[in-house]
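An overview of the molecular structure
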Amino acid sequence: PPYGLEGGASGRPGRLLLKRGDGEWTPLPSKVADLALARGDRIRLETAGGGGHGDPAGRDGEAIEWDRPEGYVGEAWTAAGGGGLSRMP
């Protein structure tokens, strides 16, 4: 994944997921052949995220709260003491 600069966290790698009728998302390999799908199955492709710029712990609190509804800051980040920003699943 793309690396961060000047203390920024690395981006998350891309991934391919399959959701069958049971509702659970299952990771797939990057290359899949002859995958049988049933009506209602879903495939999700998440592209790689870019690396951060600057130490996220130094960000303004208002900016962090702005990012929270977008999923860039979550409970895991808060519980870890703000050790890095990454898109939450």
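Since this is a predicted model, take the numbers as computed values, not measurements. (Residues numbered from 1 in each chain as written. Predicted model: local features only at pLDDT ≥ 70, side-chain atom pairs only at ≥ 80, totals over all residues. Heavy atoms only, no water.)

1. Digging into the pairing of strand β1 (residues 15–19)
What counts is decided by this rule: Following DSSP output, two strands are said to pair if at least two bridges run between them. Only DSSP runs of H or I reaching four residues or more are called helices, and only runs of E reaching two or more are called strands; each is numbered from the N terminus.
Where β1 and strand β3 (residues 42–46) come together, five bridges link them in antiparallel fashion. Bridge pairing in β3 links L18 to I43. Where β1 and strand β2 (residues 25–28) come together, four bridges link them in antiparallel fashion. Each residue of the ladder has a partner; that of L18, found in β2, is T26. Counted along the chain from β1 to the antiparallel partner β2, the turn is five residues long, and its residue G23 has a positive phi close to 90°.

2. Observations concerning the confidence of the model for the protein chain
For any part of a model where pLDDT is low, the fine detail of the predicted coordinates should not be relied upon. Test applied: Think of pLDDT as the predictor's per-residue confidence, scored from 0 to 100. When checking whether two residues touch, look at their non-hydrogen atoms; a contact exists if any pair is within 4.5 Å.
When the pLDDT values of the protein chain are averaged, the result is 79; 79% of them are 70 or greater. Scored below 50 in pLDDT, residues 83–89 makes 23 contacts in the model with residues more than four places away or belonging to other chains.

3. Some details on unusual backbone geometry
Selection criterion: Only protein chains enter the calculation, and the probe is 1.4 Å; a residue is then buried if its accessible area is under 20% of its type maximum, exposed if over 50%, and partly exposed in between.
Non-glycine residue E6 carries a positive phi angle of around 50°. Along the chain, E6 falls in the segment before β1. Classification of E6 by relative accessible area gives exposed; the value is 67%. Phi is positive for D34, close to 55°, though the residue is something other than glycine. By the secondary structure assignment, D34 is in the loop between β2 and β3.

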